[in-house]
Amino acid sequence: MTIGQQDYTSKPEDFQCLARCREEVCDALNLKPEDVELSMGMSGDFEEASAAGSTNIRVGSTIFGKRDYIGSKPSDPNEQETQQAEQSLQT
């Protein structure tokens, strides 16, 4: 499974790279590629992921809407600073 860029700027090459990795793993393990899941792509980049061969695409934000991360406590201190800055801009 792979997740593209957070801002949906993933390039087709990113997905094509993972598809090649699946091919290599299948060759090494003597598996058929069609028997191995290739999970990549989300609501904002599913077309590119599908074109690259994705067999599992996550489209939750299309169904449920964009997540609201304000108020959550990030584990990364840099992310915490970013959230605090965003909150101060909203008030």
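Computed from a predicted structure; not experimentally measured.

**Student:** Run through the overall build of the protein, naming residues and quoting values.
**Tutor:** Within the protein one finds four helices and two strands. Reading the helices (α) and strands (β) of the protein from amino to carboxyl end gives α-β-α-β-α-α. Out of the 91 residues belonging to the protein, those deemed buried represent 20%. For the protein, the accessible surface area stands at approximately 7,100 Å², while carbon and sulfur atoms represent 51% of it.

**Student:** Now, about a nonpolar patch on the surface: what can you tell me, with residues and values included?
**Tutor:** On the surface, Phe46, Val59, Ile63 and Phe64 cluster together into a nonpolar patch covering about 430 Å² of accessible area. Mapped onto the elements, Phe46 comes out in helix 2 (residues 46–51). Accessibility expressed as a relative area gives 34% for Phe46, which makes it partly exposed.

**Student:** Report on the side chain of Ser43, specifying residues and quantitative values.
**Tutor:** By secondary structure assignment, the location of Ser43 is in the loop between strand 1 (39–42) and helix 2. A distance of 3.4 Å separates a polar atom in the side chain of Ser43 from the backbone oxygen of Val59.

**Student:** Mind laying out the nonpolar core, listing which residues take part and the relevant values?
**Tutor:** Membership of the largest hydrophobic core is limited to six residues, which are Phe15, Ala19, Leu38, Met40, Ala49 and Ala52. In contact with Ala52, other than residues within four places in its own chain, are Phe15, Gln16, Ala19, Leu38 and Met40.

**Student:** An account of the state of the cysteines is requested, with residue identities and associated values reported.
**Tutor:** Throughout the structure, instances matching the rule amount to zero disulfides. Of the cysteine sulfurs around Cys17, a residue in no disulfide, the closest is that of Cys21, at 4.5 Å.

**Student:** Tell me about the confidence of the model for the protein, and name the residues and values.
**Tutor:** Confidence in the prediction of the protein, expressed as mean pLDDT, is 78, and 67% of residues score 70 or more. Averaged pLDDT values for the elements of the protein fall to 62 in helix 4 (residues 77–90) and rise to 91 in helix 1 (residues 12–29).

Calculation criteria
Residues numbered from 1 in each chain as written. Predicted model: local features only at pLDDT ≥ 70, side-chain atom pairs only at ≥ 80, totals over all residues. Heavy atoms only, no water. Helix = DSSP H or I, 4+ residues; strand = E, 2+ residues; numbered from the N terminus. Buried < 20%, exposed > 50% of the residue type's maximum accessible area, 1.4 Å probe, protein only. Areas by Shrake-Rupley, 256 points an atom, 1.4 Å probe, with all protein chains shown as cover. Patch = residues over 30% accessible without salt bridge, like charges linked within 9 Å, V, L, I, M, F, W, Y side chains within 5 Å. Salt bridge = Lys/Arg side-chain N within 4 Å of Asp/Glu carboxyl O. Polar contact = N/O pair within 3.5 Å; in protein donor to acceptor, adjacent residues only side chain to side chain. Core = buried A, V, L, I, M, F, W, Y, C linked by side-chain atoms within 4.5 Å. Contact = heavy atoms within 4.5 Å. Disulfide = S-S within 2.5 Å. pLDDT = per-residue confidence, 0-100.

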